[in-house]
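Structure at a glance
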Amino acid sequence: MSDIAIFHDRLDLFGGGEAVCTATIEALQDEHELTVFTRALPPVAELDEFYGTTIDRSTVRFRTGRGRSSQRTLARLGEATDRRLGIALQSLRRAAFVRWVQRETRDADLVVSTAGEFPFEPPTVVYYHKHDLPATDTLDRGRRWLSALLTSGAGTARPDGAILANSDWTADRVARDYGTRPTVCYPPVDTTDLPAGRPWPERESGFVTVGRIAPEKNVLRNVEIVERLSERGHDVHLHIVGPAHDRRYTEQVERRASDLEFVTYEGKVDRDRLLSLLGSHRYGLHGREPEHFGIAVAEQVASGMLPFVPDSGGQREVVGELPALLYSSAEEAVDSISTVLDSGAEQDRLREQLPDVESAFGRERFRRTIRSVVDSVLAAERPAATPTAGS
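Residues numbered from 1 in each chain as written. Predicted model: local features only at pLDDT ≥ 70, side-chain atom pairs only at ≥ 80, totals over all residues. Heavy atoms only, no water.

**What about the overall build of the protein chain?**
The following threshold applies: Under the DSSP-based scheme used, a helix requires at least four consecutive residues in state H or I and a strand at least two consecutive residues in state E, with every element numbered from the N terminus. Under the scheme applied here, a residue whose accessible area is under 20% of the maximum for its type counts as buried, over 50% as exposed, and between as partly exposed, the area being computed with a 1.4 Å probe on protein chains only. Residue contacts are counted whenever heavy atoms from the two residues lie within 4.5 Å of one another. Per-residue and other accessible areas follow the Shrake-Rupley method at a 1.4 Å probe size, with only the shown protein chains counted as cover for residues.
Helix and strand content of the protein chain: 15 helices and 13 strands. When the 391 residues of the protein chain are sorted by exposure, 54% land in the buried category. Across the protein chain, contacts joining residues at least 24 apart in sequence account for 72% of those joining residues at least 6 apart. If you sum the accessible surface of the protein chain, you get close to 17600 Å²; carbon and sulfur atoms cover 47% of it.

**With respect to a negative patch on the surface**
Let me state the cut-off plainly: Only residues whose relative accessible area exceeds 30% and that form no salt bridge are eligible for patches; like-charged ones are grouped when within 9 Å, while nonpolar side chains (Val, Leu, Ile, Met, Phe, Trp, Tyr) are grouped when within 5 Å. We define a salt bridge as a side-chain nitrogen of Lys or Arg found within 4 Å of a carboxyl oxygen belonging to Asp or Glu. Neither His nor the chain ends is counted toward charge; the positive residues are Lys and Arg and the negative residues Asp and Glu. Taken as the charge centre is NZ of Lys, CZ of Arg, CG of Asp or CD of Glu, depending on the residue.
Where like charges cluster on the molecular surface, the negative patch consists of Asp-3, Glu-33, Asp-107 and Asp-109. Among the secondary structure elements, Asp-3 is positioned in strand E1 (residues 3-7).

**Observations concerning the packing of helix H7 (residues 219-231) against helix H12 (residues 330-341)**
Heads up, the rule is: Orientation is described by lines fitted to C-alpha atoms, with helices fitted over the stretch in contact, and by angles between N-to-C directions that extend from 0 to 180 degrees. For classification purposes, an angle smaller than 35 degrees is called roughly parallel, one larger than 145 roughly antiparallel, one from 65 to 115 roughly perpendicular, and anything else oblique. Handedness of a helix crossing follows the sense of rotation of the near helix relative to the far helix, less than a right angle counterclockwise being left-handed and clockwise being right-handed. Gly falls in the polar group here, along with every residue not listed as nonpolar (Ala, Val, Leu, Ile, Met, Phe, Trp, Tyr, Cys, Pro) or charged (Asp, Glu, Lys, Arg).
Between H7 and H12, whose axes approach to 9 Å, the crossing angle comes to 50°. Between H7 and H12, the crossing angle belongs to the class labelled oblique. Remark: the crossing between H7 and H12 carries right-handed chirality. Taking contact as the criterion, the partners of Arg-221, Glu-224, Ile-225, Arg-228 and Leu-229 in H7 are, on H12, Ala-330, Glu-331, Ala-333, Val-334, Ile-337, Ser-338 and Leu-341. Across the contact of H7 with H12, the residue classes tally to seven nonpolar, one polar and four charged.

**Thoughts on the sheet that holds strand E5 (residues 124-128)**
Note the threshold: A pair of strands counts as paired when DSSP detects no fewer than two bridges linking them.
Read from one edge of the open sheet, seven strands run E3-E2-E1-E4-E5-E6-E7, paired in parallel fashion. Strands with a single pairing partner mark the edges of an open sheet, and in this sheet they are strand E3 (61-63) and strand E7 (183-184). As paired elements, E1 and strand E4 (residues 110-113) share four bridges and run parallel to each other. Residue pairing in the sheet places Ile-4 in a bridge with Leu-110 of E4.

**Focus on the sheet that holds strand E8 (residues 204-210)**
Pairing is parallel across the open sheet formed by six strands, whose spatial order is E10-E9-E8-E11-E12-E13. The outermost strands of the open sheet, each flanked by one partner alone, are strand E10 (263-267) and strand E13 (326-327). Two strands pair when backbone bridges link them, and strand E9 (residues 238-241) and E10 are joined in this way by four bridges, in the parallel orientation. Considered in E10, the bridge of His-239 is made with Thr-264. Running over the sheet, helix H8 (residues 247-259) touches E9 and E10 and is turned about 145° from E10. Along the sheet, helix H9 (residues 271-280) contacts E8, E9, E10 and strand E11 (281-285); its crossing angle with E11, the most-contacted strand, is approximately 105°.

**Some thoughts on the pattern of salt bridges**
For the coordinates displayed, the defined rule picks out 26 salt bridges. The salt bridge partner of Glu-104 is Arg-63, with a shortest N-O separation of 3.0 Å. Here Glu-104, found in helix H4 (residues 83-104), pairs with Arg-63, found in strand E3; they are 41 residues apart in sequence, far enough to count as distant. Judged by relative accessible area, Glu-104 falls into the partly exposed class, the value being 34%. We classify Arg-63 as partly exposed; its relative accessible area is 25%. Of the charged contacts in the structure, one is a salt bridge between Arg-271 and Asp-193, with a shortest N-O distance of 3.2 Å.

**Section: the side chain of Lys-217**
Applicable threshold: Here a polar contact means two N or O atoms within 3.5 Å. Within protein one must be a hydrogen donor candidate and the other an acceptor candidate, and residues neighboring in sequence count only if both atoms are side-chain atoms.
With respect to the secondary-structure elements, Lys-217 resides in the loop between E8 and H7. Lys-217 sits in the buried class, given a relative accessible area of 11%. Within the local environment of Lys-217, its side chain forms a polar contact with the side chain of Glu-291, the two groups lying 2.9 Å apart. Those residues in contact with Lys-217 that lie beyond four places of it in its chain are Arg-212, Asn-222, Gly-287, Arg-288 and Glu-291.

Below, the structure is given as structure tokens:
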């Protein structure tokens, strides 16, 4: 049994990264001593319910570093400033937290970062959910420089560790910048409770969009797409599902939804409600571009839906790179989706060509991969046995 530290700076976002972290904890908790470093005590019971995991709270330790003055000061400043500067200060807060985790994990046998690249002293397994795009302005460049300074520089895993990525798309971008291509380990999609769903003719001719309510998810553009489909004469509607992540943007989405009778703002819902929506509707609509993988999209595929996604990122892999399900703009989405809506034969063809989610993206596949990678790194770190006399 090894002493393993797991780093994930926030476990309260209920996104794809948190799915990876909780599944990693569950995969390793029976064979190793785990300490999870995160910025606030996570709602473990809620995470278990949301992701279908069973984290052993009697053995898995959580450490937060709360109460440290630098963390509190950066948090208060981030809340008091405008959004762009607030994001920068939150990034510095994260960097300060990483610096503390670096010190606290020096004696660990292994550090598993399910929150991307960070320079840890012990051997590491680093999981990339995304890879940062180039800095866009002076503020962003300054933030990244100071963040790297605080954390003694950021980079890929050490040569004696391992690097993983959540899609071929993400892996290609890491390889482009670092010269080393991560092994692709698709995030865990829990299909055990996903509904077989109603037969296709009995499903509602409506869309479900699932994800955090935040600008990068392009929820308002999703609303525009469905509105324009309705204007073309299609009898469609939209359910918006996901936790509020950006207050101002969420208020905009809520106001827009209230103006349109065919749009329902669901917000954060329990698992039963989510499964009911996925099993009773025909279509998914995703807005993030580029989305680095897209667990919500994979759940829609597994539930028998046809998801329409931007033509960028790892989400292309989730829908089998089928051109009819990809779009590059709102105008293109309306044209493409309208064509599919007009043809039952085309819908049947697309459904038959979508990937099998359990074999390609299922949870058991993820657990096996994580255990295998961790065991390999640990084995490489163990000193070779000293030959006995006469051997």
